[in-house]
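Structural description and commentary
The chain contents come next:
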Number of protein chains: 4
Amino acid sequence: MEHQEHQSCIRACDACAAACDHCATACLSEQDVAHMAECIKSDMDCADICRLASAVMARGSSRAKDICSLCASICNACAAECEKHRHEHCKQCAEACRNCAKECRAMGQ
Amino acid sequence: MEHQEHQSCIRACDACAAACDHCATACLSEQDVAHMAECIKSDMDCADICRLASAVMARGSSRAKDICSLCASICNACAAECEKHRHEHCKQCAEACRNCAKECRAMGQ
Amino acid sequence: MEHQEHQSCIRACDACAAACDHCATACLSEQDVAHMAECIKSDMDCADICRLASAVMARGSSRAKDICSLCASICNACAAECEKHRHEHCKQCAEACRNCAKECRAMGQ
Amino acid sequence: MEHQEHQSCIRACDACAAACDHCATACLSEQDVAHMAECIKSDMDCADICRLASAVMARGSSRAKDICSLCASICNACAAECEKHRHEHCKQCAEACRNCAKECRAMGQ
């Protein structure tokens, strides 16, 4: 049953989407918000592709591998952006992104 | 920090979305698939609103209450549909929907 | 056929989602980005609910009215926020939001 | 302004998502619904990736090309599935998918 099989990757995607959405909003409340624009943008892309990856895995879709491969790449890019910043939400987001990228890369193979 | 505050409801929404997506696909493989059409349709609506509710909570949105209230109603309707069927995926989906409805109702108040 | 019936409202939702997504990114490039935080947040919520409303109408969902009612309210709130700002993307977004709210309110009745 | 630049592709994605969502629901009402399972599944994947592609283009995302490339591939696969069936909604969906694939391929280059 695909849903159970992919459970670890689904959870990583869901956790990453939540971390990205939270990071985006938290960035908007930072004093240096202009400096956070790229981080907010990559958070938005990453949250969206993570939710799509989660959905297609839960549906056992034949395209789950392709979508997870792209998701891994977008997660790593988002992590690299978040790692430039010292905010706690950026650190937590980077960690969630790296974990999700690892899970999605394994799925995509 | 809203993200942490709403964590239990976010997890319930994510779990419900995955259960609904899995149930929809599994219904399509059942022999009595024509009989499962309403279940598949309610699964699709429920998965979508659960992912939206999860996102707005993670963003700490001012509209999270409104969206969670509607999500609770859609989850309960999906549970009621799933409870008509004897398939294991329907039972699991109904349970995830009832749990999510309870969490979302509490959030929406 | 619901898809055709709702075509005008689906198009208004799609146009509003695109205007909101564009406005959010454009706000992030403005010099007064800290001042645009609420606008960016309401753009994100509005884009998401508009895409959900579009999807449920295209599927002829039994919950389309409920979702369109909530979408109308979120669109009007987003328009009110955008109308506070002088940027061209905010003006265009407010217009798309008001049009979508009108269509969604009619759908929701 | 990316939003305007990509307008033709955004519209093709939105039209394809609506056609896929409509086709999925319409398939569920067909007498030979068991025969339509693959079509319904590919409709769901295609609608989801089209909405994501539309969103990232409207946001002027740096990952729009990657997402549009994958979207083109998923649209073509959905068209190929829909072209196996004689239903009017399948024909319309296949046409929307082919058009969207063409636009997304051009975007992705």
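Residues numbered from 1 in each chain as written. Chains lettered and ligands numbered in written order. Predicted model: local features only at pLDDT ≥ 70, side-chain atom pairs only at ≥ 80, totals over all residues. Heavy atoms only, no water.

Observations regarding the overall build of chain A
Under the convention used in this document: The secondary structure listing takes helices from DSSP runs of H or I that are at least 4 residues long and strands from runs of E that are at least 2 residues long, numbered from the N terminus. Each radius of gyration reported is based on C-alpha atoms, and the globular scaling rule is 2.2 Å times the count of residues to the power 0.38. Burial here depends on accessible area, computed with a 1.4 Å probe over protein chains only, as a share of the maximum for the residue type. Under 20% is buried, over 50% is exposed, and the range in between is partly exposed. Here, two residues are considered to be in contact whenever any of their heavy atoms come within 4.5 Å of each other. All accessible areas in this document rest on Shrake-Rupley with a 1.4 Å probe, and a residue is counted as covered only by the protein chains that are shown.
Along its length, chain A carries 5 helices and 0 strands. For chain A, the α and β elements follow one another from N to C terminus as α-α-α-α-α. What you see for chain A is a C-alpha radius of gyration of 14 Å, in line with the 13 Å of a compact globule of 109 residues. A total of 109 residues make up chain A; the buried ones form 63% of that total. For chain A, the share of sequence-separated contacts (at least 6 apart) that also reach a separation of at least 24 residues comes to 72%. Carbon and sulfur atoms make up 47% of the accessible area of chain A, which amounts to about 4200 Å² in all.

A word on the interface of chain B and chain D
Heads up, the condition is: By buried area we mean how much accessible surface two parts lose on assembly, using a 1.4 Å probe and totalling the loss over both. By salt bridge we mean one thing: a side-chain nitrogen of Lys or Arg within 4 Å of a carboxyl oxygen of Asp or Glu. Think of a polar contact as two N or O atoms within 3.5 Å of one another; within protein, one of them needs to be a possible hydrogen donor and the other a possible acceptor, and neighboring residues in sequence only count if both atoms come from side chains. Think of it as three bins: nonpolar holds Ala, Val, Leu, Ile, Met, Phe, Trp, Tyr, Cys and Pro, charged holds Asp, Glu, Lys and Arg, and polar takes everything else, Gly as well.
If you look at the interface, chain B gives 9 residues, while chain D gives 9 residues. Both sides of the chain B and chain D interface together cover about 830 Å² of buried area, and 82% of this is carbon and sulfur. The largest share of the area that chain B buries against chain D comes from L28, K41 and M44 of chain B, three residues that together contribute 54% of it. Inspection of the region where chain B meets chain D yields 0 salt bridges. The interface formed by chain B and chain D includes 0 residue pairs in polar contact (both at pLDDT 80 or more). Breaking the side of chain B that touches chain D down by element, the ones donating at least two residues are α2 (7–28) and α3 (37–58) of chain B. No other element matches α3 of chain B, which puts 4 residues into the side of chain B that touches chain D. Of the residues that constitute the side of chain B that touches chain D, the class distribution is 6 nonpolar, 2 polar and 1 charged.

A closer look at the interface of chain A and chain D
Counting residues at the interface gives 15 residues for chain A and 15 residues for chain D. Between chain A and chain D lies a buried interface of about 1400 Å² when both sides are counted; carbon and sulfur atoms form 58% of it. For chain A, the biggest contributors to the area lost against chain D are D45, R59 and R63 of chain A; these three give 40% of the whole. At the boundary of chain A and chain D, one finds 4 salt bridges. One salt bridge connects D48 of chain A with R59 of chain D, and the closest N-O pair in it is separated by 3.0 Å. Counting every contact that joins chain A to chain D gives 8 residue pairs in polar contact (both at pLDDT 80 or more). Listed by contribution, the elements that provide at least two residues to the side of chain A that touches chain D are α3 (37–58) and α4 (64–82) of chain A. For the side of chain A that touches chain D, the class distribution of residues is 8 nonpolar, 2 polar and 5 charged.

What about the relation of the copies chain B and chain D?
Just so we agree on the cut-off: The fit set for superposing copies consists of C-alpha atoms from residues with pLDDT of at least 70 in both; the fit itself is least squares.
Rotating chain B by 180° and moving it 0.0 Å along the rotation axis overlays it on chain D with an RMSD of 0.0 Å. The symmetry that links the two subunits is that of a two-fold axis. Both copies present the same face, since 100% of the interface residues in chain B are matched by interface residues at the equivalent positions in chain D.

A word on the environment of R59 of chain B
Within the element layout of this structure, R59 of chain B appears in the loop between α3 and α4 (64–82). In this structure, R59 of chain B is in contact with D21 and T25 of chain A together with M44, D45 and D48 of chain C, ignoring residues within four places of it in sequence.

Comments concerning the side chain of S54 of chain D
Considering the arrangement of structural elements, one finds S54 of chain D in helix α3 (residues 37–58). S54 of chain D gets classed as buried once you look at its relative accessible area, which sits at 1%. With near-sequence residues (within four places) excluded, S54 of chain D lies in contact with R51 of chain C together with I10, C13 and D14 of chain D.

Digging into the side chain of T25 of chain D
Considering the arrangement of structural elements, one finds T25 of chain D in helix α2 (residues 7–28). Given the relative accessible area of 11%, T25 of chain D is considered buried. Residue contacts for T25 of chain D: discarding those within four places in its chain leaves K41 of chain B together with R59 of chain C.

Description of the pattern of salt bridges
Two side chains of opposite charge can pair, provided their charged atoms sit close to one another. By the definition in use, this model includes 32 salt bridges over all chains. K41 of chain B is paired through a salt bridge with E38 of chain B; the nearest N and O atoms lie 3.5 Å apart. Within this pair, K41 of chain B and its partner E38 of chain B are both found in helix α3, separated by 3 residues, close to a single helical turn. When its relative accessible area of 22% is taken as the criterion, K41 of chain B is described as partly exposed. By relative accessible area, E38 of chain B is classed as partly exposed at 45%. A single network of salt bridges, built from pairs that share partners, joins D21 and R51 of chain A, R59 of chain B together with D45 and D48 of chain C.

Overview of the environment of C100 of chain A
All names here are of chain A. Residue placement: C100 occurs in helix α5 (residues 88–107). Between the C-alpha atoms of C100 and A58, which are 42 residues apart in sequence, the distance is 16 Å. Here C100 is in contact with A12, C13, C16, C50 and C75, once residues within four sequence places are set aside.

Here's the deal with helix α3 (residues 37–58) of chain C
All names here are of chain C. Quick reminder of the rule: The length a helix should cover is 1.5 Å for every residue beyond the first.
With 22 residues, α3 should cover 32 Å at 1.5 Å per step; its first-to-last C-alpha distance of 32 Å lies within 8% of that length. For α3, the buried fraction is high: 19 of the 22 residues fall into the buried class. Phi turns positive, to about 60°, at G60, one or two residues after α3.

Shape is all these values report; function is a separate question.
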